Amino acid sequence: MNAHPHQPEPSFLAQRVLGAKPSATKEMTRLANQLKREGRDVITLSQGEPDFPTPEHVREAGKAAIDRNESRYTDVAGTFALREAVARKFARDNGLVFSPEQIQVGCGAKQLLYNALQATIDPGDEVVVPTPAWVSYPEMVLLAGGQPVIVRCGAATGFKLTPQQLDEAITPRTKWLMLNSPSNPSGAVYSHAELTALGEVLVRHPRVWVMADDIYEKIRYEHTPFATPAAVTPALAGRTLTINGVSKAYAMTGWRVGFGAGPLKLIQAMNLVQSQSTSHTSSISQAAALAALDGPMDFLPAFVAAFRRRRELVVDGLNAIEGLRCDSPPGAFYAFPGCQGLLGRRDAANELIATDTDLALYLLRQAGVAVVPGSAFELPGHFRVSYATSDEELAEAMRRIALACAELR
Ligand SMILES: Cc1ncc(COP(=O)(O)O)c(C=O)c1O
């Protein structure tokens, strides 16, 4: 008997969905959880979220909003008070001036990226995606009917796009450049000088817009000021969407609040998309995000210090393993080691480890450690380790990865 009698025919599903991939990070986490249910002891380093609690004053603001009965629909773009707080944040931290009308609040930074692509992409439009890039970028472009133009940026350039690569990737169909700094998965951070050089290329291509994903802005380990394209190259401000949110800096991934700011006409088009999909993110979450943005940031140094310690632990642990190579990433909470040195070897059962995906599956199977293969981020030959977990778990994970890698011949 058919165990799933209500499956749709393949022809029922839209081509754009059939062509898109589910998130590889979520898939590795699912496999890890499956092994856990079977009783295996698995350490999950495949998830990208801080393990700290949301700061207390933010949680209290959420509770107070519930008690005040802030349980009604808000403006599609987000409450006016929150958009004013977002405007203050951009002015204070980034030197960017926006009116509340130029700001959209959505269900996480993710929805801002999604809305922007839905609002602007026509079939065949191209979006330049320097990789390694967050798994969702190319898929969101495809779901919008566009064409991601993958530009691979390896360890030699610190996993960063060079001006020449950008210039070569731009065609008459290019609509956007998606830029993420600090980067998921590489932790790379673009300096002021590097953004200036990319800006010089973009100034020569006036039809290309910039989607700057700054969600990891606050998680950086160097003492240089944060650089974002619209501030570095003011000539680009009229065609840049700057995206940020509270998920990573305030350990608020589940609250689902992100925001973006840019030219009014773009934000209005994005509001239209959002009005016909989610309407807005939760009113309670918006109240909590307001408290986060206007409140003290005194908890942040302790967050960053913990991440820095874990980064050292992971980078040292990985570099001690023959066949792996890992530069110390200047931002975010991911390490992105190269694993070419291990590919082509065989495990104890004589199974060939030919690709980074084979290696990630082997590490899950053999070491009980879930990492994400670099090919999921469009840069094969690497894997991503999220170090947003306890020191003890990380130390144990490094020990297990070392043992498993040593068994490869
Ligand atoms: C580069 C990047 N952008 C955006 C997001 C999404 O953030 P949010 O949880 O606010 O939707 C993530 C989350 O992992 C990310 O890594």
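Conventions and cut-offs
Residues numbered from 1 in each chain as written. Predicted model: local features only at pLDDT ≥ 70, side-chain atom pairs only at ≥ 80, totals over all residues. Heavy atoms only, no water. Helix = DSSP H or I, 4+ residues; strand = E, 2+ residues; numbered from the N terminus. Buried < 20%, exposed > 50% of the residue type's maximum accessible area, 1.4 Å probe, protein only. Contact = heavy atoms within 4.5 Å. Polar contact = N/O pair within 3.5 Å; in protein donor to acceptor, adjacent residues only side chain to side chain. Phe/Tyr/Trp six-rings, centres within 6.5 Å; stacked < 30°, edge-to-face > 60°. Pairing = 2+ DSSP bridges. Axes fitted to C-alpha atoms, helices over the stretch in contact; angles between N-to-C directions. Near = heavy atom within 4 Å. Areas by Shrake-Rupley, 256 points an atom, 1.4 Å probe, with all protein chains shown as cover. 1 Å grid on protein atoms, 1.4 Å probe; cavity = no way out; pocket = protein on both sides within 12 Å on 5 of 7 lines; lining within 4 Å. Points joined across faces, edges and corners; volume = space filled by probe spheres on them. Nonpolar A, V, L, I, M, F, W, Y, C, P; charged D, E, K, R; others polar.

Novice: I keep staring at the environment of Thr54 and nothing clicks. Help me out?
Specialist: Among the secondary structure elements, Thr54 is positioned in the loop between strand S1 (43-44) and helix H3 (56-67). Residue classification places Thr54 among the buried residues on the basis of a relative accessible area of 10%. Sequence separation between Thr54 and Ala249 is 195 residues; the distance between their C-alpha atoms is 9.6 Å. Excluding residues that lie within four positions of it along the chain, Thr54 makes contacts with Arg59, Tyr250, Ala251, Met252 and Trp255. A polar atom in the side chain of Thr54 sits 3.2 Å from the side chain of Trp255.

Novice: When you look at the packing of aromatic side chains in this model, what are you seeing that I'm missing?
Specialist: Geometrically, a pair of aromatic rings is defined through the distance of the ring centres and the angle of the planes. This structure, assessed with the given rule, holds 14 aromatic pairs. Both rings, one in Trp176 and one in Trp209, keep their centres 5.7 Å apart while their planes meet at 70°; by these two values the pair is edge-to-face. One end of the pair, Trp176, is in strand S5 (residues 174-180); the other, Trp209, is in strand S6 (residues 209-213), and 33 residues separate them in sequence. For the pair Tyr216 and Tyr334, a centre-to-centre distance of 5.7 Å together with 80° between the ring planes defines the contact as edge-to-face.

Novice: Whenever I open this one, the sheet that holds strand S4 (residues 147-152) confuses me. Can you help?
Specialist: Within a sheet, neighbouring strands are paired by backbone hydrogen bonds and run either parallel or antiparallel to one another. As summarised here, the arrangement of the 7 strands in space is S2-S8-S7-S6-S5-S3-S4, forming an open sheet in which the pairing is mixed. Pairing within the sheet leaves two strands with one partner each, and these edge strands are strand S2 (103-106) and S4. Put simply, the sheet's adjacent strands are angled 20° from each other on average, direction ignored. Sheet analysis places strand S7 (residues 240-245) next to strand S8 (residues 258-261), joined by 4 bridges and oriented antiparallel. Paired with Ile243 across the strands is Gly260, a residue of S8.

Novice: Explain unusual backbone geometry to me, please; I cannot follow it from the model alone.
Specialist: Leave glycine aside and you will find that most residues have negative phi; peptide bonds, for their part, are mostly trans. For the bond from Thr131 to Pro132, the omega torsion is 15°, close enough to zero to count as cis. Locating Pro132 in the fold gives a position in the loop between strand S3 (126-131) and helix H6 (136-143). With omega at -10°, the peptide bond leading from Ser181 into Pro182 counts as cis. Mapped onto the elements of the fold, Pro182 is located in the loop between S5 and helix H8 (192-203). Although it is not a glycine, Phe159 adopts a positive phi angle of roughly 65°. As for its placement among the helices and strands, Phe159 is situated in the loop between S4 and helix H7 (163-169). The exposure class assigned to Phe159 is buried, which follows from its relative accessible area of 13%. Residue Ser279 is not a glycine yet carries a positive backbone phi of 70°. Looking at where Ser279 falls in the secondary structure, it is placed in the loop between helix H10 (264-275) and helix H11 (283-294).

Novice: Help me understand the site of the ligand, please; the structure alone is not making it clear to me.
Specialist: Around the ligand, the structure places 13 residues, and the nearest of them are Asn184, Asp213, Tyr216, Ser247 and Lys248. Ser247 has a polar side-chain atom sitting 2.7 Å from an oxygen atom of the ligand. At 2.8 Å, a side-chain N or O of Lys248 approaches an oxygen atom of the ligand. Summarising the interface, the protein chains cover 93% of the accessible area of the ligand, which totals 390 Å² for the free molecule.

Novice: Before we go on, may I ask you to explain the layout of surface pockets in this structure?
Specialist: The method is simple in principle: a probe with the dimensions of a water molecule rolls over the atoms, and the space it marks as empty is what remains. Its boundaries defined by the atoms lining it, the largest pocket holds a volume of some 500 Å³. If you go around the largest pocket, you meet 25 residues; those closest to its centre are Lys26, Gly48, Lys110, Trp134 and Lys248. Residue assignment for the lining of the largest pocket shows that the elements contributing at least two residues are helix H2 (24-37), helix H5 (108-120) and H6. The element that contributes the greatest number of residues to the lining of the largest pocket is H5, accounting for 4 residues. Here the residues of the lining of the largest pocket sort into 8 nonpolar, 10 polar and 7 charged. The volume enclosed by the second largest pocket comes to roughly 260 Å³. Those elements giving two or more residues to the lining of the second largest pocket turn out to be H5 and H6. Sorting elements by how many residues they give to the lining of the second largest pocket places H6 first, with 5 residues. Classifying every residue of the lining of the second largest pocket by side-chain character gives 9 nonpolar, 3 polar and 4 charged.

Novice: How should I be thinking about the pairing of S5 in this particular structure?
Specialist: Across a regular strand the side chains alternate sides, sitting on one face of the sheet and then on the other. Among the 7 residues of S5, 6 are classified as buried, and the element is accordingly described as predominantly covered. Alignment of S3 against S5, held across 3 bridges, turns out to be parallel. Along S5, the bridge assignment pairs Val128 with Leu177. Sheet analysis places S5 next to S6, joined by 5 bridges and oriented parallel.

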